[in-house]
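Structural overview
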Amino acid sequence: GISTPVVSVSSAIVAVRTTVDNESRAAAQVTVRHRILDPDGAVVAQGQAKGRVSANGSRLLGAKLKVRQPMRWAPDTPALYLLETDIMIGRKVVDTERTTFGIRSIAFSANKGFLLNGQPLKFRGGCVHHDNGILGAAAFDRSEERKVEALRAAGHNAVRTAHNPPSPAFLEACDRLGMLVMDEAF
């Protein structure tokens, strides 16, 4: 998982937690190597974690990476970073994962309401269902993206999902196009 426990204009801490599964019959010494790329593709942070994973076992390894002058995610500026994670045994990469994420802070205040990156923000939106109208309940990437584009064009900055879990394509489009999501399963 990825979280951003500390975010300011000057820097952000990106906390990464990786579960490493060892499906072999022998214990393994692993290195989990991380690189963060900014929205333009430049490497802005690197780090690693090492640990021994028992045979047929798993282990959670964590790392904290510092990003200087982060582009903070918000509905009007949905900057997305890319985390590249390599799991290595010795010098050999045995698995790779790429994950997009936004750097942002979220807080609630009795006096100011919802705060995104330290600034009050009013939710403008509504509820959406998992389906795509005449296309039915199938989740086609472009139809999910089109749904978010239509909501953004109507002035929405937030949606609440309803009745069924949203598709990964819908959530990815929300991240990329600047839509806050209150993800509700049922």
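All values derive from a computational prediction rather than experimental measurement. (Residues numbered from 1 in each chain as written. Predicted model: local features only at pLDDT ≥ 70, side-chain atom pairs only at ≥ 80, totals over all residues. Heavy atoms only, no water.)

Strand order in the open sheet made by the three strands is β1-β2-β5, with antiparallel pairing throughout. The sheet terminates laterally at β1 (2–7) and β5 (58–68), the two strands that pair on one side only. Going across the sheet, the axis of each strand differs from the next one's by a mean of 20 degrees, ignoring polarity. (Pairing = 2+ DSSP bridges. Helix = DSSP H or I, 4+ residues; strand = E, 2+ residues; numbered from the N terminus. Axes fitted to C-alpha atoms, helices over the stretch in contact; angles between N-to-C directions.)

Inspection of the entire model under this criterion finds zero disulfides. Take C127: it sits in no disulfide, and the sulfur closest to it among the cysteines is that of C174, at 13 Å. A residue is classified by how much of its surface remains accessible, and C174, at 0% relative accessible area, is buried. (Disulfide = S-S within 2.5 Å. Buried < 20%, exposed > 50% of the residue type's maximum accessible area, 1.4 Å probe, protein only.)

If you walk through the whole model with that rule in mind, you get three aromatic pairs. Judged by centre distance (4.8 Å) and plane angle (40 degrees), the ring pair of F114 and F123 falls under tilted. An aromatic cluster is defined as three or more aromatic residues linked by ring pairs; in this entry it consists of F108, F114 and F123. (Phe/Tyr/Trp six-rings, centres within 6.5 Å; stacked < 30°, edge-to-face > 60°.)

What follows concerns the sheet that holds strand β9 (residues 113–116). Reading across from one edge, β8-β9-β10 is the order of the three strands in this open sheet, with antiparallel pairing throughout. Each end of this open sheet is capped by a strand with a single partner; those strands are β8 (106–109) and β10 (119–120). The pairing of β9 with β10 spans two bridges and is antiparallel. Residue pairing for β10: L115 is matched across the bridge by P120.

Here the focus is the nonpolar core. V14, I36, L65, V67, Y81, F101 and I103 are the most contacted members of the largest nonpolar core, which totals 13 residues. Looking at this core, the elements with two or more residues in it are β2 (11–21), β5 and β6 (81–89). Excluding anything up to four places from it in sequence, L65 contacts A12, I13, V14, V16, H34, I36, A45, Q46 and G47. (Core = buried A, V, L, I, M, F, W, Y, C linked by side-chain atoms within 4.5 Å. Contact = heavy atoms within 4.5 Å.)

Right, let's talk about helix α1 (residues 141–153) for a bit. Counted at 1.5 Å a residue, the expected span for α1 with its 13 residues is 18 Å, and the 18 Å between its end C-alpha atoms agrees. Those residues of α1 that fall on the buried side of the exposure criterion are S143, E144, E145, K147, V148 and L151. Packed against the buried residues of α1 are β11 (125–129), β12 (158–162) and α2 (168–177). (Expected span 1.5 Å × (residues − 1).)

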